[in-house]
Amino acid sequence: MASESTVFRASTTAPVNIAVIKYWGKRDASLNLPTNSSLSVTLSQRSLRTLTTASCSAVYPAADSLTLNGKPQDIQSSKRTLACLSNLRSLRQAVEAADLTLPKLSTLPLRIVSENNFPTAAGLASSAAGFAALVRAVADLYQLPQSPRELSRIARQGSGSACRSLMGGYVAWRSGELEDGSDSLAEEVAPASHWPEMRALILVVSAEKKDVPSTEGMQTTVATSSLFATRAASVVPERMDAIETAIRDRDFPAFAEITMRDSNSFHATCLDSWPPIFYMNDVSRAAVRLVHDINRAVGRTVCAYTFDAGPNAVIYYLDEVSELVAGTFKAILGGTTGGWEGPFGQRLEKVTAPGVSLDQLDSRAVTVLKDGVARVILTSVGEGPVSVTEHLVSEKGEIIIN
Ligand SMILES: Nc1ncnc2c1ncn2[C@@H]1O[C@H](COP(=O)(O)OP(=O)(O)OP(=O)(O)O)[C@@H](O)[C@H]1O
Ligand SMILES: C[C@@](O)(CCOP(=O)(O)OP(=O)(O)O)CC(=O)O
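What counts and what doesn't
Positions within a chain are numbered from 1, following the residues in the order the chain's sequence is written. All chains are assigned letters beginning at A, and all ligands numbers beginning at 1, according to the order in which they are written. With the structure being a predicted model, the display of local features is reserved for residues of pLDDT at least 70 and the display and counting of side-chain atom pairs for 80 or more, all residues being used for whole-chain, interface and lining totals. Note on conventions: DSSP H or I runs of at least 4 residues are helices, E runs of at least 2 residues are strands, and numbering of each starts at the N terminus. Note on method: radius of gyration uses C-alpha positions; expected globular size equals 2.2 Å times residues raised to 0.38. Buried residues are those with 20 or more other C-beta atoms within 10 Å of their own C-beta, exposed residues have 12 or fewer, and partly exposed residues lie in between; C-beta atoms are placed from the backbone. Contacts are defined on C-beta atoms placed from the backbone: any two residues whose C-beta positions lie within 7 Å are in contact. As a rule, any residue with its backbone-derived C-beta atom within 6 Å of a molecule or strand is reported as near that molecule or strand. Residue polarity is assigned by list, with Asp, Glu, Lys and Arg as charged and Ala, Val, Leu, Ile, Met, Phe, Trp, Tyr, Cys and Pro as nonpolar; anything else, Gly included, falls into the polar class. Here the limits of each domain have been adopted from an automatic or database domain assignment. In this scheme, strands are said to pair when DSSP sees at least two bridges between them. In this description, a line fitted to the C-alpha atoms serves as the axis of each element, helices being fitted only across the stretch in contact, and the angle between N-to-C directions of two axes falls anywhere from 0 to 180 degrees. A residue's pLDDT is the confidence the predictor assigns to it, expressed on a 0 to 100 scale. Each angle is binned into one of four classes, with values under 35 degrees roughly parallel, values over 145 roughly antiparallel, values of 65 to 115 roughly perpendicular, and all other values oblique. Handedness of each helix crossing follows the sense of rotation of the near helix against the far helix: counterclockwise by less than a right angle gives left-handed, clockwise gives right-handed. As used here, the arc belongs to the directions running from the helix axis to the C-beta atoms. Here, a nonpolar core means buried Ala, Val, Leu, Ile, Met, Phe, Trp, Tyr and Cys residues linked by C-beta atoms lying within 7 Å of one another.

## Looking at the overall build of the protein
Secondary structure assignment for the protein yields nine helices and 16 strands. Relative to a compact globule of 402 residues, whose C-alpha radius of gyration would be 21 Å, the protein shows 22 Å and is just as compact. Structurally, the protein occupies a C-alpha span of about 70 × 45 × 40 Å along its principal axes. The buried share among the 402 residues of the protein stands at 51%. Expressed as a percentage of contacts within the protein between residues at least 6 apart in sequence, the contacts between residues at least 24 apart total 76%.

## Some details on the site of ligand 2
Around ligand 2, the surrounding shell holds 14 residues, and the nearest of these are Ala19, Tyr23, Ser159, Gly160 and Ser161. Taken together, the residues of the shell around ligand 2 sort by class into four nonpolar, eight polar and two charged. Two domains each donate at least three residues to the shell around ligand 2, and these are domain 1 (7-191) and domain 2 (198-380).

## So, the sheet that holds strand β7 (residues 65-68)
An order of β8-β7-β9-β6-β1-β16 is seen for the six strands of this open sheet, with the pairing classed as mixed. Unpaired on one side and paired on the other, β8 (71-73) and β16 (386-388) mark the two borders of the sheet. Neighbouring strand axes in the sheet, compared pairwise and without regard to direction, differ in orientation by 25° on average. Sheet strands in contact with helix α2 (residues 126-141) are β1 (7-14), β6 (50-57), β9 (110-116) and β16, and its direction is about 145° off that of β1.

## Some details on the environment of valine 366
Note that valine 366 resides in helix α9 (residues 363-372). With 20 C-beta atoms packed within 10 Å, valine 366 lands in the buried category. Taking the C-alpha atoms as reference, valine 366 lies 6.7 Å from isoleucine 332; in sequence the two are 34 residues apart. Ignoring anything within four residues of it in the chain, the contact list for valine 366 reads Ile332, Leu358 and Leu361.

## Quick word on the pairing of strand β10 (residues 170-174)
Across the five residues that make up β10, a large majority, four, are buried. Sheet topology places strand β5 (residues 38-42) next to β10; four bridges connect them, and they run antiparallel. Within the sheet, the bridge partner assigned to valine 41 lies in β10 and is tyrosine 170. Examined bridge by bridge, β10 and strand β11 (residues 185-190) share five bridges and lie antiparallel to one another. When the bridges of β11 are listed, alanine 172 appears paired with glutamate 187.

## Considering the domain arrangement of the protein
According to the domain assignment, the protein contains domain 1 (7-191) and domain 2 (198-380). Spacing between the C-alpha centres of domain 1 and domain 2 amounts to 27 Å. In this assembly, 28 residues from domain 1 lie in contact with 36 residues from domain 2. Sorting the residues of the side of domain 1 that touches domain 2 by element identifies β2 (17-21), β5, β10 and β11 as the ones contributing at least two each. No other element matches β2, which puts three residues into the side of domain 1 that touches domain 2.

## Overview of the confidence of the model for the protein
In this model, the protein carries a mean pLDDT of 95, and residues with pLDDT of at least 70 account for 98%. Both scores are available for the predicted complex, with the pTM at 0.96 and the ipTM at 0.96.

## Describing the packing of α2 against helix α3 (residues 148-158)
Interhelical geometry of α2 versus α3 gives an angle of 135° and a closest axis separation of 9 Å. By the criterion of interaxial angle, the relationship of α2 to α3 is oblique. Handedness of the α2/α3 crossing: right-handed. Here Phe131, Ala132, Leu134, Val135, Arg136 and Ala139 of α2 come into contact with α3, specifically with Leu151, Ile154, Ala155 and Gly158.

## Quick notes on helix α4 (residues 214-224)
Residues of α4 that are buried include every one of Ser214, Gly217, Met218 and Thr221, and no others. Along the long axis of α4, the arc covered by the buried residues comes to 95°, so they all point the same way. What points out from α4, more than 90 degrees from its buried face, is the exposed set Glu216 and Ala223. Looking at the buried side of α4, the elements it contacts are β3 (26-28), α5 (226-248) and α6 (252-271).

## Details of the nonpolar core
One finds Val135, Val138, Ile315 and Leu369 to be the most contacted residues of the largest nonpolar core, which totals 120 residues. Counting residues per element, this core draws most heavily on α2, which supplies 11 residues. Residue contacts for valine 138: discarding those within four places in its chain leaves Ala54, Leu85, Leu88 and Leu110.

Structure below.
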């Protein structure tokens, strides 16, 4: 039986996702509605994940609170977090109104505690995993009946890309057309099990906080880039159709070419902004060069790069060419970086020579990459949020710091 001092809790983990068709540009900044649809691959939580506990209790101080990586966050000035919490509370109120025997959790202050197992605000999509975990954990605490698709509408208001982290596998965020944003939702294009061989090698170029935050960068692009309108109106819609077909057919060369072209198109609109925005740097460009060199040397498209709002490269490839692709990057970087072990590194353990001979690669790009990559993360397509019993808030309501 619940008493005055009961602490209600629910915990979840949530994944990062990396877009292959990029979301860049808002048609409504307050509702966080995008100018174009986008599509991403959800990455395995065996490598990167957010763990969030949502709790509520009458013994807590009156204001809702969020502690991230051990530090209290000022959520009262974060409109986005407040929007997510207020939407979730309204849904809980509806549940309570329909069943008067339920505890009135919607009236209790929330204590939310979260940890990212990777750097926050460093271009590794922490906001995506973070807001997806926050929404999922509070929805579980409130025992809401809404589907991940419906919850994605709420997570979108925290951070656009977060709506895609509520599902596993291959996920589209449909931009929608309605002014109130009710049709701007994420949906699964294919589960991870449809194409489980997809691997992602993340080359961490810089784990520093980035120069131009995504929200500000995309506003500048929408307002000033003449390339941008064509991208949103025709380039992306055609690519969305084509990449969904490629995913359905498990056609890696098509998937890869669209992914690389879309990353290039997004960064071209950044360069075309005024003043120009640069997210990629010399190390990123060396990664681009090497991916093209590997594909040329192999004689077919076996790997694809993509870059978000920062210099880190994400390289997609299929497990069957691990030796060729990751093996080559390991031969270049292995001595200077860690991260090759772990659940997806097994095929590389015995690799001693590069899959593609280093003579076939641009030697300057090899040196720049070797000097510029701090760490790698070897991962895979993965599942959506998972309910867990590991809590970051004790039964008495104390914050647990790991
Ligand atoms: N676990 C979390 N719980 C709640 N909010 C989080 C969490 N992790 C990150 N955030 C929010 O996301 C912000 C970081 O988002 P930002 O877009 O700057 O970086 P990023 O997501 O790491 O990079 P990018 O979006 O370019 O990939 C943090 O300042 C915080 O407000
Ligand atoms: C380049 C991107 O990673 C941009 C992500 O932007 P955010 O989702 O971080 O932006 P806000 O909605 O303003 O929080 C591309 C993508 O993930 O689709």
